[in-house]
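# Chain and residue survey
The lines below spell out each chain.
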Amino acid sequence: GNTIHTKDGDRISIELHNNGSIAVDATLFFVGSNHEIIVDFPNATQPINRLQPGDVAKISGFEISEKTIGIDTMVLVAVAAKPQSEIKNYAFYAQSNFIVNRNTPYTDIETLFQQAGFGHSARSTSTMDKGSVSIQSISWHVLPSRTEEQ
């Protein structure tokens, strides 16, 4: 199918391109198979996450580790930015464990984030849009190293 397979030692690099005609505020998350959520952009070397039309943000590559065997996902949240508006940064979604409170209704962005990062699609990529918010995700399956048969 469309599943991307990776193995221990593979490297992944990410570039964010704003090919649109308006600025966007972008937040990029790594969602591990253990449901840990890490913010990859903005980061220490690129603390401003507003991308003007034509801007490209290069995110340092990272190495796949078989310590996270299962499905890993990168989730990009992009929000249309009005001129002179406050920059939106969703880094507060970072967490060491994914906790769901079923009694609290989701905001629009939380619904999109959940669908893009944790949807039931068999595809390795997905895109969710709701007005001025867009969420894109790409997932890969980390395979264990082969061991010699005994």
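The sections below set out a description of the structure shown in this document. Since we're looking at a predicted model, the values are computed, not measured.

## A closer look at the side chain of N18
On the secondary structure map, N18 appears in the loop between β2 (11-17) and β3 (24-31). The exposure class assigned to N18 is buried, which follows from its relative accessible area of 7%. Engagement of the side chain of N18 in a polar contact is seen with the backbone oxygen of I22, the distance being 3.0 Å. For N18, the side chain forms a polar contact with the main-chain oxygen of Q52, separated by 3.4 Å.

## Observations concerning the pattern of salt bridges
If you walk through the whole model with that rule in mind, you get three salt bridges. A salt bridge links K58 to E15, with the shortest nitrogen-to-oxygen separation between them at 4.0 Å. Placement of the pair is K58 in strand β6 (residues 56-63) and E15 in strand β2, with a sequence separation of 43 residues. Its salt-bridge partner being D25, residue R50 comes within 2.7 Å of it at the nearest N-O pair. Remark: D25 occurs in strand β3 and R50 occurs in strand β5 (residues 50-51); sequence separation between them is 25 residues. For R50, a relative accessible area of 15% translates into the label buried. Overall, D25 belongs to the buried group, its relative accessible area being 1%.

## Side note on unusual backbone geometry
In this structure, the amide linkage connecting F41 to the following residue, P42, adopts the cis form with an omega of 5°. The topology assignment puts P42 in the loop between β4 (37-41) and β5. Of note, the phi angle at Q84 is positive, near 65°, even though the residue is not glycine. Tracing the backbone shows Q84 in the loop between β7 (70-80) and α1 (108-118). Judged by its relative accessible area of 81%, Q84 falls in the exposed class.

## Some words on the packing of aromatic side chains
Enumeration over the complete set of coordinates arrives at four aromatic pairs. Aromatic pair Y90 and F92: ring centres 5.9 Å apart, planes at 55°, arrangement tilted. Members of the aromatic cluster, joined through ring pairs, are Y90, F92 and Y93.

What counts as what
Residues numbered from 1 in each chain as written. Predicted model: local features only at pLDDT ≥ 70, side-chain atom pairs only at ≥ 80, totals over all residues. Heavy atoms only, no water. Helix = DSSP H or I, 4+ residues; strand = E, 2+ residues; numbered from the N terminus. Buried < 20%, exposed > 50% of the residue type's maximum accessible area, 1.4 Å probe, protein only. Polar contact = N/O pair within 3.5 Å; in protein donor to acceptor, adjacent residues only side chain to side chain. Salt bridge = Lys/Arg side-chain N within 4 Å of Asp/Glu carboxyl O. Phe/Tyr/Trp six-rings, centres within 6.5 Å; stacked < 30°, edge-to-face > 60°.

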